[in-house]
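What the coordinates show
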Amino acid sequence: MPSVISSMRAQLVGKATARGRVTSLEQFTYTANFMKAPVISVSKVTTNFQADSDFLMLYILGGMIAVTDMVPNVGVIINPDYAQINLRDTTTNRNLFNRPINASLVSGFGGNPYIMQESKLVYAKTQLETTVTLPFPLVAPNGYLFQFGFAGLKVYYAGEYNA
Amino acid sequence: MPKILEKFGWPQDVLVNYNTDGQNIDPINKKIGRESYTYASSMITMPGAAGVDYSEAFLVEPACQFWMANFGCFSINAGGGPAVPIGRITLTDNATGFRVFNNVSAYAIGFGAGYSDTNNASTRSSVPRPYNFRNGNTFTLRYVVDVNVNAAPCQVQFTFEGWRDYSYD
C-alpha cells in the first residue's frame, strides 16, 4: 500500500484536474458493517463518504464472523460462501457490478483484498450502498457480522472545492 | 497496485485526454472518464453429473465502452467442499464476431489460476491485453461442461473485470 501512495502522490499532487488542483493524498479505508444482517436474505448498508475530500477507491476488503462463536470463519461454515454483494454510488447512480457477485470474487473473502482493475473516484459526500444477498438461510443461530472495507486514497484539492 | 492504474496514471472522472494503448477510442479529442466496472454471469446451477450448456449475453450500455482485463471464476459445491466443474468457455464479441476465448478450458483461464479454500473455489486470471467491447453492443458467454466430475450439484459464477470509459463533450 505505501508504494501506491507514493506513486500516486508523485503523479497527482499538483496536477490540475476538473475537480481542482490536487494538493495531497492520504490513505483511508471506509467500511460497511452488517450487524446480524445475514439473518435476512437481502440487506443494505449505506456508507457516508466524508465531505472534506474525494476518495479514490482501489481495493475492496471483506470478512465475516459468526455472532455466536466470535471466531473467524475458518472454512467450517458453508453458507456465508454464498453471500453476494453489489455496490452503488448514489451520486452518479452507477453500480460497480451489473448484478450481485459472490463475495469471494470481489471482496477479499477469498483471502486477499480484491484489487480493482481500475480505480473508482467517489465524490465527497457520496453515499455508497452495499447490498448483501444471501440466497440461503445461514447456520449460525444469531447470524453473522459481515464487514466490507473500501481502501484507497482521500484526494484533497486546492481552491473553493473544499472550502 | 492495480496494474492498469500504474500504466495509465490518473484514471477517470477527473478529465484527461488520451488515447488508450494506441486504440483511438477518442478520435476527436473528447475527454474521457474511466471507472471500475465488473460484469458477472448469473449463478449457474449444475444439477449433478450431467453438466451444463449455458449461454448468457451482456449488454454494453450505449453511454460507455467496456474494457475487460480479468476473468474470474467462482464455484461452490452445495454439499460442502470445493467444486470445480472444468468445462469450456467461449466468449464472443457480437459486434465483430471475434472470440476472446474460443472453447478454452475454464481451468486454464480461471479455475486453476489461483486461490481456493475448503468451501469454494474463486480464482481469476488476467487477459494478456485488455479487450474493448464497444458501446451499445453485446458479448456472449457460453459455458459447456460435458461431465461434472464432482457429480454433485454445484453453482458457478463468472466475472469479467475491467472498466468503463465514458466520453464527455
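Residues numbered from 1 in each chain as written. Chains lettered and ligands numbered in written order. Predicted model: local features only at pLDDT ≥ 70, side-chain atom pairs only at ≥ 80, totals over all residues. Heavy atoms only, no water.

**Here we look at the sheet that holds strand β6 (residues 99–105) of chain B**
Residue and element names in this part refer to chain B. Read across the sheet, four strands follow the order β3-β8-β5-β6 without closing on themselves; strand pairing throughout is antiparallel. The two strands at the open ends of the sheet, each matched to only one other strand, are β3 (52–59) and β6. Across the sheet, the axes of successive neighbouring strands diverge by a mean angle of 10°, strand direction being ignored. Of the strand pairs in this sheet, strand β5 (residues 88–93) and β6 are connected by four bridges, and their pairing is antiparallel. Looking at β6, one finds that Ile89 is bridged to Val104. (Pairing = 2+ DSSP bridges. Helix = DSSP H or I, 4+ residues; strand = E, 2+ residues; numbered from the N terminus. Axes fitted to C-alpha atoms, helices over the stretch in contact; angles between N-to-C directions.)

**Structural notes on the nonpolar core**
Met57, Ile60, Phe97, Phe146, Phe148 and Phe150 of chain A are the most contacted members of the largest nonpolar core, which has 34 residues in total. Secondary-structure elements contributing two or more residues to this core are β2 (20–35), β4 (54–66), β5 (84–89), α2 (103–106), β8 (114–122), β9 (127–133) and β10 (144–157) of chain A together with β4 (64–77) of chain B. Core analysis: the second largest hydrophobic core is formed by 30 residues, Phe58, Ile89, Tyr131 and Phe139 of chain B among them. (Core = buried A, V, L, I, M, F, W, Y, C linked by side-chain atoms within 4.5 Å. Buried < 20%, exposed > 50% of the residue type's maximum accessible area, 1.4 Å probe, protein only.)

**Side note on the confidence of the model for chain B**
Residues and elements named next belong to chain B. Residues at a pLDDT of 70 or more form 64% of chain B, whose mean pLDDT is 73. Counted against residues more than four places away or in other chains, residues 1–30, with its pLDDT under 50, gives 98 contacts. Both scores are available for the predicted complex, with the pTM at 0.80 and the ipTM at 0.80. (pLDDT = per-residue confidence, 0-100. Contact = heavy atoms within 4.5 Å.)

**Side note on the environment of Tyr144 of chain A**
Within the secondary structure layout, Tyr144 of chain A lies in strand β10. Linking Tyr144 of chain A and Ala124 of chain A, residues 20 residues apart in sequence, is a C-alpha distance of 30 Å.

**Structural notes on unusual backbone geometry**
Not every positive phi belongs to a glycine, and Lys125 of chain A is a case in point at roughly 70°. Note on placement: Lys125 of chain A falls in the loop between β8 and β9. Note on Lys125 of chain A: relative accessible area 63%, which makes it exposed. Here the phi dihedral of Asn103 of chain B falls at roughly 60°; this positive angle occurs in a residue that is not glycine. Classification of Asn103 of chain B by relative accessible area gives partly exposed; the value is 40%.

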